[in-house]
Amino acid sequence: MSAISVIRLTGELEISRKDEISRALHLVGSEGGVLVDFFDVTYADSTTLAELLRFRREADGQGIPVAIVIGSRQFARLIQYAGLGDAFPVFDNRGAALTYLGAEAKA
Amino acid sequence: MLGTSHLRLNCLARPESAKPIRHAVAAFLAVFELDPDFADDVLTATGEALANAIEHAYAGRDPADIEVHAAYEDQVKLSVDVWDRGDFIERERQPNRGFGIRIVQAIASDVRIETNGGTRVHMEFLPPTVTGG
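Residues numbered from 1 in each chain as written. Chains lettered and ligands numbered in written order. Predicted model: local features only at pLDDT ≥ 70, side-chain atom pairs only at ≥ 80, totals over all residues. Heavy atoms only, no water.

Q: When you look at the overall build of chain B in this model, what are you seeing that I'm missing?
A: Check the secondary structure of chain B and you find three helices and five strands. Each helix and strand of chain B, placed in order from N terminus to C terminus, yields the pattern β-α-α-β-β-α-β-β. Taking all 133 residues of chain B together, 45% fall into the buried category. For chain B, long-range pairs separated by at least 24 residues make up 64% of all intrachain contacts whose partners lie at least 6 apart in sequence. Approximately 7200 Å² of chain B is accessible, and the part contributed by carbon and sulfur atoms is 49%. (Helix = DSSP H or I, 4+ residues; strand = E, 2+ residues; numbered from the N terminus. Buried < 20%, exposed > 50% of the residue type's maximum accessible area, 1.4 Å probe, protein only. Contact = heavy atoms within 4.5 Å. Areas by Shrake-Rupley, 256 points an atom, 1.4 Å probe, with all protein chains shown as cover.)

Q: Even after reading the chapter, I still don't get the pattern of salt bridges, so can you show me in this structure?
A: Pairing between side chains of opposite charge can happen when the charged atoms of each approach one another. Counted by the stated rule, this structure contains 20 salt bridges over all chains. For R77 of chain A, the salt bridge is made with D37 of chain B, and the minimal N-O distance between the two is 3.2 Å. You can see R77 of chain A sitting in helix α3 (residues 73-81) and its partner D37 of chain B sitting in helix α2 (residues 36-56), one on each of two chains. With its nearest N and O atoms 3.2 Å apart, the salt bridge here joins D110 of chain B to R112 of chain B. (Salt bridge = Lys/Arg side-chain N within 4 Å of Asp/Glu carboxyl O.)

Q: Which parts of the structure should I look at to understand the nonpolar core?
A: For soluble globular proteins, the rule of thumb is that nonpolar side chains tend to be buried together. The biggest cluster of nonpolar side chains holds 65 residues, and the ones touching the most others in it are F38 and F75 of chain A together with I66, M123 and F125 of chain B. For this core, the leading source of residues is α2 of chain B, giving ten residues. Among residues more than four places away in sequence, those in contact with M123 of chain B are A45, T46, A49, L78, S79, V80, V82, V104, A108 and D110 of chain B. (Core = buried A, V, L, I, M, F, W, Y, C linked by side-chain atoms within 4.5 Å.)

Q: How should the environment of L52 of chain A be read in this particular structure?
A: Residue and element names in this part refer to chain A. By the element assignment, L52 lies in helix α2 (residues 46-61). Counting along the chain gives 27 residues from L52 to L25, while the straight-line C-alpha distance between them is 7.4 Å. Filtering out sequence-adjacent residues up to four positions away, L52 remains in contact with L25, V36, F38, I68, F75 and F88.

Q: Explanation requested: the interface of chain A and chain B in the structure shown.
A: Interface extent is often summarised as the accessible area lost during association of the parts. Of the residues lining the interface, 21 residues belong to chain A; the matching set on chain B comes to 25 residues. Where chain A abuts chain B, roughly 1900 Å² becomes buried across the two surfaces, and 51% of that area is made up of carbon and sulfur atoms. Inspection of the chain A/chain B interface yields six salt bridges. Applying the counting rule to chain A against chain B returns twelve residue pairs in polar contact (both at pLDDT 80 or more). Where the side of chain A that touches chain B is concerned, the elements lending two or more residues are α2 and α3 of chain A. Among the elements that line the side of chain A that touches chain B, the one with the most residues is α2 of chain A, at six residues. Here the side of chain A that touches chain B is built from residues that sort into nine nonpolar, four polar and eight charged. (Buried area = accessible area lost by both parts, 1.4 Å probe. Polar contact = N/O pair within 3.5 Å; in protein donor to acceptor, adjacent residues only side chain to side chain. Nonpolar A, V, L, I, M, F, W, Y, C, P; charged D, E, K, R; others polar.)

Now the structure itself:
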């Protein structure tokens, strides 16, 4: 079974952290999938969405499943307002995201 | 507490300016004990307009001023203006870009963008009505 990589960012993800977000969202040893853990993100803006879309496209290109965990209502609504409700597999807890990645790895 | 309350802020168009400006607007909104999701949405829209100005208004030259004006009128109408004196460039939508204005339009009840001598984004928000009591 391939390992699942975890990318974790916390706090406020916005324009001043654009480079940090971009650097964090990279595929390294992620064959079993990537859990993007944004559970402790308290604010996000479209900077983050753009980087997530780029990352998702790269992962799709390599057949690597991605699951995103979001804990804040602001972030969840941001995705809806951007019209990206179907763009990412989003979960509100890590357990559900890991279950999803496990199932995807077996599929 | 009727009448109009105002908040006026000024900052340099730098990425590190966005967070303190947003927090100042959050503190302004907190005074009125608004619905938390509504207040978050106003901050989201304000953050998008601010980030857009920071990223694009003075691209390729020294950053200059951005002004933010929030007003809450008779506890009925909330507006936020974000304006700069830079260049307004109509940008084509790139695959992973251009969500800012879409987000603003999804949240605000009215959005007007004026491009005379800079760019001014005027956003109006209608707080959810309180029922019962």
